[in-house]
Amino acid sequence: MPTILIAEDEPAIAETVAYALRSEGHVAEHVLLGEAVVPRVRAGGIDLVILDVGLPDASGFDVCRALRATSDVPVIFLTARESEIDRVLGLELGADDYVVKPFSPGELVAR
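In this text the structure is predicted, and so the values were computed from the model without any measurement. (Residues numbered from 1 in each chain as written. Predicted model: local features only at pLDDT ≥ 70, side-chain atom pairs only at ≥ 80, totals over all residues. Heavy atoms only, no water.)

Draft legend 1. Structural detail: the side chain of Glu 8. Within the fold, Glu 8 resides in the loop between strand S1 (3-7) and helix H1 (11-23). What makes Glu 8 buried here is its relative accessible area of 2%. One polar contact links the side chain of Glu 8 to the main-chain amide nitrogen of Glu 10, over a distance of 3.0 Å. Not counting the four nearest positions on each side in its chain, Glu 8 is found in contact with Ile 13, Ala 14, His 30, Val 31, Leu 32, Asp 52, Leu 55, Leu 78 and Lys 101. (Helix = DSSP H or I, 4+ residues; strand = E, 2+ residues; numbered from the N terminus. Buried < 20%, exposed > 50% of the residue type's maximum accessible area, 1.4 Å probe, protein only. Polar contact = N/O pair within 3.5 Å; in protein donor to acceptor, adjacent residues only side chain to side chain. Contact = heavy atoms within 4.5 Å.)

Draft legend 2. The pairing of S1, seen in detail. With 5 of 5 residues buried, S1 lies mostly within the body of the structure. Side chains of S1 alternate between two faces, with Thr 3, Leu 5 and Ala 7 and Ile 4 and Ile 6 buried alike. Pairing analysis gives 5 bridges linking S1 to strand S2 (residues 27-31), with the strands arranged parallel. Looking across to S2, one finds that Thr 3 is bridged to Val 27. (Pairing = 2+ DSSP bridges.)

Draft legend 3. Looking closely at the side chain of Asp 86. Tracing the backbone shows Asp 86 in helix H4 (residues 84-92). A polar contact of 3.0 Å, which involves the side chain of Asp 86, links it to the side chain of Arg 81. When sequence neighbours within four positions are dropped, the list of residues in contact with Asp 86 reads Phe 61, Arg 81 and Tyr 98.

Draft legend 4. Representation of the sheet that holds strand S3 (residues 48-51) within the structure. Pairing is parallel in the open sheet, where 5 strands are placed in the order S2-S1-S3-S4-S5. At either end of the open sheet lies a strand with only one pairing partner, and these are S2 and strand S5 (97-100). Neighbour-to-neighbour, the strand axes of the sheet open up by a mean angle of 20°, direction not taken into account. For S3 and strand S4 (residues 75-79), the ladder comprises 3 bridges, and the chain directions are parallel. Looking at S4, one finds that Val 49 is bridged to Val 75. Its contacts with the sheet place H1 against S1, S2, S3 and S4, and it is angled at close to 170° to S1. (Axes fitted to C-alpha atoms, helices over the stretch in contact; angles between N-to-C directions.)

Draft legend 5. Spotlight on unusual backbone geometry. The omega angle of the peptide bond from Lys 101 to Pro 102 is -5°, so this bond is cis rather than trans. Position of Pro 102 relative to the elements: it lies in the loop between S5 and helix H5 (105-110).

Draft legend 6. Fine view of the pairing of S3. The alternating pattern of S3 places Leu 48 and Ile 50 and Val 49 and Leu 51 on opposite faces, both of which are buried. Sheet topology places S1 next to S3; 4 bridges connect them, and they run parallel. Opposite Ile 4, over in S3, you have Leu 48 as the bridge partner. Once you follow S3 into helix H3 (residues 60-70) and on to S4, the crossover reads as right-handed. (Right-handed = clockwise from strand over helix to strand, strands pointing away.)

Draft legend 7. Quick look at the pattern of salt bridges. All chains considered together, the criterion is met by 8 salt bridges. As a salt-bridge pair, Lys 101 and Glu 8 come within 2.9 Å of each other at their nearest N and O atoms. Residue Lys 101 is located in the loop between S5 and H5, and its partner Glu 8 is located in the loop between S1 and H1; the two are separated by 93 residues in the primary sequence. By relative accessible area, which is 14% here, Lys 101 ends up buried. Notably, a salt bridge pairs Arg 111 with Asp 97, separated by 2.7 Å at the nearest N-O pair. Highlighted residues: Arg 111 in the segment after H5 and Asp 97 in strand S5, separated in sequence by 14 residues. Within this structure, Glu 8, Asp 52 and Lys 101 form a network of salt bridges that share partners. (Salt bridge = Lys/Arg side-chain N within 4 Å of Asp/Glu carboxyl O.)

Right under this line is the structure:
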């Protein structure tokens, strides 16, 4: 069963994503802060990170940059930042996909 780490500061969004993932047989873990992402990935067992850009303690872009320095774990940005420049930046930093809020939980799980 794949384990997916959700880095999202809005509990309702995190719960929606976690529910959709669990419904498809995935294990979902949730963290509120960007500073928790890299140590959790380093600890092992994370197969994918769903990462918000607007976390309260750090930019998701900075978190992705830090992840890429030590890991090749797949990353999907899930964010309200919808401009082309943000999407391109996210992908250039090494994200595997970029999903804009509002989003379809089913589509996110499929990605």
